Amino acid sequence: MRAVVQRVDGASVVVAGETVGEIVGEGLCVLVGVTHEDTAEKAAQLARKLWSVRILEGEKSCSDVHAPLLVISQFTLYGDARKGRRPTWNAAAPGEVAEPLVDEVVARLRELGAHVETGRFGADMRVSLTNHGPFTLVIDV
């Protein structure tokens, strides 16, 4: 699994004009990509890392300050544009594999005590955020 994590001062996801997920104030906006070898165990590992990684103001984690997370599925994180002009998506898991694993990340975060908002899997989403720093980190598990 791969996550692009951004420290934010608020973020939201809009689908067809409707806000489906939103966090206000300090938190993390997390784009999650799933590849073919990923498992529920990797989803749990990613959730633990997201909850505990110390990248918020003052080197705090979401667990330290109970900061919210906005988690959005993003198959394009496994795109490959090294050859030609059009990326390939061969490394990205198909939706029937990826969706339950993204849901597992969210469920495990919630079990840890996190407030988690989400996008809508497979939808045409508009993501807005205020990147604080800017601070962006890639986490592979």
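A short tour of the structure in this document, coming up. None of these values were measured; they are calculated from a predicted model.

### So, the side chain of R7
Here is step 1: You can see R7 is positioned in strand β1 (residues 2-15).
Here is step 2: For R7, which is buried and forms no salt bridge, the nearest opposite charge comes from E57, at a distance of 4.7 Å.
Here is step 3: Among all residues touching R7, those that are not within four sequence positions of it are G27, L28, I55, L56, E57, T130, N131, H132, G133 and F135.

### Some remarks on the packing of aromatic side chains
Here is step 1: A complete count under the given rule lists one aromatic pair for this structure.
Here is step 2: Judged by centre distance (5.3 Å) and plane angle (75°), the rings of F75 and W89 are edge-to-face. With F75 in the loop between β3 (69-73) and α3 (95-111) and W89 in the loop between β3 and α3, this pair connects stretches of sequence that are 14 residues apart.
Here is step 3: Take W89: its relative accessible area is 36%, and that puts it in the partly exposed class.

### Let's talk about the layout of surface pockets
Here is step 1: What the largest pocket holds in volume is close to 280 Å³.
Here is step 2: For the largest pocket, the lining is made up of 18 residues, of which S73, Q74, F75, G122 and M125 are closest to its centre.
Here is step 3: Put simply, the parts of the chain that give the lining of the largest pocket at least two residues each are β2 (18-33), β3, α3 and β5 (125-140).
Here is step 4: Per element, the largest residue contribution to the lining of the largest pocket is three residues, and it comes from α3.
Here is step 5: The residue makeup of the lining of the largest pocket, split by class, is twelve nonpolar, five polar and one charged.

Calculation rules
Residues numbered from 1 in each chain as written. Predicted model: local features only at pLDDT ≥ 70, side-chain atom pairs only at ≥ 80, totals over all residues. Heavy atoms only, no water. Helix = DSSP H or I, 4+ residues; strand = E, 2+ residues; numbered from the N terminus. Buried < 20%, exposed > 50% of the residue type's maximum accessible area, 1.4 Å probe, protein only. Lys, Arg positive; Asp, Glu negative; His and termini not counted. Salt bridge = Lys/Arg side-chain N within 4 Å of Asp/Glu carboxyl O. Contact = heavy atoms within 4.5 Å. Phe/Tyr/Trp six-rings, centres within 6.5 Å; stacked < 30°, edge-to-face > 60°. 1 Å grid on protein atoms, 1.4 Å probe; cavity = no way out; pocket = protein on both sides within 12 Å on 5 of 7 lines; lining within 4 Å. Points joined across faces, edges and corners; volume = space filled by probe spheres on them. Nonpolar A, V, L, I, M, F, W, Y, C, P; charged D, E, K, R; others polar.

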